[in-house]
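Close look at the chain arrangement
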Amino acid sequence: MKDTYILPSAADMHVHLRNAPGPIASLVAPTIRPAGIDTVFVMPNLAPVPVTSVDAALEYKSALEAIDPSVNYLMSLYLHSSITPEEIAKAKKAGIAGVKAYPKGATTNSQWGVVSFEPFDEVLKAMEKEGVVLNLHGEVPSDSKEGVTVMNAESRFLPTLRSLVGKYPNLKIVLEHCTTAEAVAAVREFGENVVGTITAHHLSLLVDDWSANVHHYCKPSAKSPEDRAALLQAVVSSKGKFFLGTDSAPHDISSKKGKGNTAAGVFTQPHALGYVLKALEEGIARDDISDSDVTDEALAGFFSSYGRKFYGLPPSDKKILVKKDAATVQESLKSEQVEIVPYRAGEKIWSVEWL
């Protein structure tokens, strides 16, 4: 790998910014653009009420733009029983980029989620017709009776992916935050309308890491060395099938280290590109990938052009400069109301400069 790269500005096609206006959004949204990112696909799983209507999505977008208007916020709806085919048509006209499906009980704020896709047949047909993307949290909920844990929840979901592709062959589908070699292979089975996103943290974390550190715990959880190697290989050989979706998920430190279960989510927004580049360095050192795999074309595609193309956006005409180990990850982000600990706090990381 080189020590510096000039790349197009990045697009992060899976971010959590939390409620806006709100203390976490006010702290996190201003970190997007300094990270070299000008376009983000915003998740709708807010609490206490998820984003289930076009009006709510546009209101949320306006609130985010009030925090930082320099970012292009692509908005989404939460797949919910209240959504109708008419709302999908309205969403398309309003520029809503996708509809996120959360299996009920699988992750943060998924209590309103999907038990079965059968009741959504007309909605999915409308999405297929309108070209609205279906974004899948690709896990089934843990179930000890069925032998489902965080380690195989993604693999158990893949038959559902195949069923959806078979029933709605023209529906644009994103299998979000792939974590397994099996998921990577599944995405590659299908045509251009089925793609996957890959996070920054899953390119370096393993199960042992999150089992020992609450700030590394997320859903879906990091898996085995073989799975991590498959993700790294997918990044450098994507050809448009995989692109950046960090799933950056900020939580106040009290939710990560307080009483009860720790909140699922790794916060990577401020150094998203740097984490990926660092993981690629580490992957080369382990022989998961080769140095020659990490080309300018592969990085520009994964960080920017592949995601933009899938969502029907033009290529970026802006450039950024990234430099190896020229920045340090802050220990935490703080306001009077919240404190958020970023991934790899205190470590040297690649810097980003807008050109």
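Above this note sits the structure.
Just so we're clear, the structure is a prediction, and the values are computed from it rather than from any experiment.

Quick look at the overall build of the protein chain
The helix and strand tally for the protein chain stands at eleven helices and 14 strands. In summary, the protein chain has a C-alpha radius of gyration of 19 Å against a globular reference of 20 Å for 355 residues, a match within 12%. When its C-alpha atoms are laid out on the principal axes, the protein chain stretches across 50 × 45 × 45 Å. Each of the 355 residues in the protein chain was classed as buried or not, and the buried ones make up 58%. Long-range pairs, those at least 24 residues apart, make up 74% of the contacts in the protein chain between residues at least 6 apart in sequence. Element-wise, carbon and sulfur atoms account for 51% of the exposed surface of the protein chain, whose accessible area totals about 14,000 Å².

Describing the packing of aromatic side chains
Per the counting criterion, the structure on display carries nine aromatic pairs. Feature note: the residues F41, F243, F310 and Y311 constitute an aromatic cluster, connected by ring pairs. The side chain of R33 reaches across the aromatic face of W354, ending 4.1 Å from its centre. Cation over ring: K172 sits above F310, and NZ or CZ is 4.4 Å from the ring centre.

A look at unusual backbone geometry
What you tend to see is this: most non-glycine residues have negative phi, and most peptide bonds are trans. A cis amide bond links A20 to the next residue, P21, at an omega of -5°. Following the sequence through the fold, P21 ends up in the loop between β2 (10-15) and α1 (23-28). Cis geometry marks the peptide bond from K219 to P220; its omega dihedral reads -5°. Take P220: it is sitting in the loop between α7 (207-212) and α8 (225-236). In this model, R18 sits at a positive phi of 70°, which is unusual for a non-glycine residue. Tracing the backbone through its elements, the reader meets R18 in the loop between β2 and α1. Of note, H177 is a non-glycine position whose phi angle comes to about 35°, a positive value.

Some points on the nonpolar core
Core analysis: the largest hydrophobic core is formed by 103 residues, its most contacted members being Y73, L136, L161, L280 and F303. Element by element, the count of residues in this core is highest for helix α10 (residues 272-285), at eight residues. Residues in contact with F303, not counting those within four places in the same chain, are L7, A10, A11, L244, L273, V276 and L277. Core analysis: the next-biggest nonpolar cluster, separate from the first, contains 15 residues, F41, M43, V174 and F243 among them.

A short note on α8
Owing to its 3.6 residues per turn, the α-helix brings residues three or four apart onto one side. Counted at 1.5 Å a residue, the expected span for α8 with its twelve residues is 16 Å, and the 17 Å between its end C-alpha atoms agrees. Counting buried positions over the twelve residues of α8 gives nine, a clear majority of the element. Regarding α8, the residues found buried are D227, R228, A229, A230, L231, L232, A234, V235 and V236. For α8, the secondary structure elements touched by its buried residues are α6 (181-189), β9 (194-198), β10 (242-244), α10 and α11 (296-310).

Side note on the environment of M127
Topologically, M127 is positioned in helix α4 (residues 121-130). Remark: the alpha-carbon pair of M127 and Y168, spanning 41 residues in sequence, is separated by 9.6 Å. With sequence-adjacent residues up to four places away left out, M127 is seen in contact with I88, V99, V132, V133, L134 and L171.

Digging into the packing of helix α2 (residues 54-67) against helix α3 (residues 85-94)
To describe two helices that pack against each other, one gives the angle between their axes and the distance between the axes. Relative to each other, α2 and α3 sit at 30°, their axes nearing to 9 Å. Judged on the interaxial angle alone, α3 and α2 are roughly parallel. On the side of α2, the interface is formed by V54, D55 and L58, while α3 contributes E87, K90, A91 and A94.

Some points on the side chain of K223
Tracing the backbone through its elements, the reader meets K223 in the loop between α7 and α8. We note that K223 is buried and unpaired, the nearest opposite charge coming from E139 at a distance of 4.9 Å. Here the side chain of K223 touches T179 through a polar contact of 2.8 Å, side chain to side chain.

Some remarks on the environment of H137
Assignment of secondary structure puts H137 in strand β7 (residues 133-137). Residue H137 is classed as buried on the basis of its relative accessible area, which comes to 2%. Spatially, the C-alpha atoms of H137 and K104 are 10 Å apart, while their sequence positions differ by 33 residues. Among the polar contacts made by the side chain of H137, one reaches the side chain of E139 at a distance of 2.7 Å.

What to know about the sheet that holds β10
On the basis of which strands lie adjacent, the open sheet formed by six strands has the order β5-β6-β7-β8-β9-β10 and parallel pairing. Looking at the sheet topology across the chains shown, the edges are occupied by β5 (76-78) and β10. Taking the axes of each pair of neighbouring strands and ignoring which way they run, one obtains an average angle of 30° across the sheet. Two strands pair when backbone bridges link them, and β9 and β10 are joined in this way by three bridges, in the parallel orientation. Bridge pairing links T197 to F243 in β10. Along the sheet, α11 makes contact with β7, β8 (173-176), β9 and β10, crossing β10 at roughly 115°.

Each value, and the rule that gives it
Residues numbered from 1 in each chain as written. Predicted model: local features only at pLDDT ≥ 70, side-chain atom pairs only at ≥ 80, totals over all residues. Heavy atoms only, no water. Helix = DSSP H or I, 4+ residues; strand = E, 2+ residues; numbered from the N terminus. Rg over C-alpha atoms; globule rule 2.2 N^0.38 Å. Buried < 20%, exposed > 50% of the residue type's maximum accessible area, 1.4 Å probe, protein only. Contact = heavy atoms within 4.5 Å. Areas by Shrake-Rupley, 256 points an atom, 1.4 Å probe, with all protein chains shown as cover. Phe/Tyr/Trp six-rings, centres within 6.5 Å; stacked < 30°, edge-to-face > 60°. Lys NZ or Arg CZ within 6 Å of the ring centre and 35° of its normal. Core = buried A, V, L, I, M, F, W, Y, C linked by side-chain atoms within 4.5 Å. Expected span 1.5 Å × (residues − 1). Axes fitted to C-alpha atoms, helices over the stretch in contact; angles between N-to-C directions. Parallel < 35°, antiparallel > 145°, perpendicular 65-115°, else oblique. Lys, Arg positive; Asp, Glu negative; His and termini not counted. Salt bridge = Lys/Arg side-chain N within 4 Å of Asp/Glu carboxyl O. Polar contact = N/O pair within 3.5 Å; in protein donor to acceptor, adjacent residues only side chain to side chain. Pairing = 2+ DSSP bridges.

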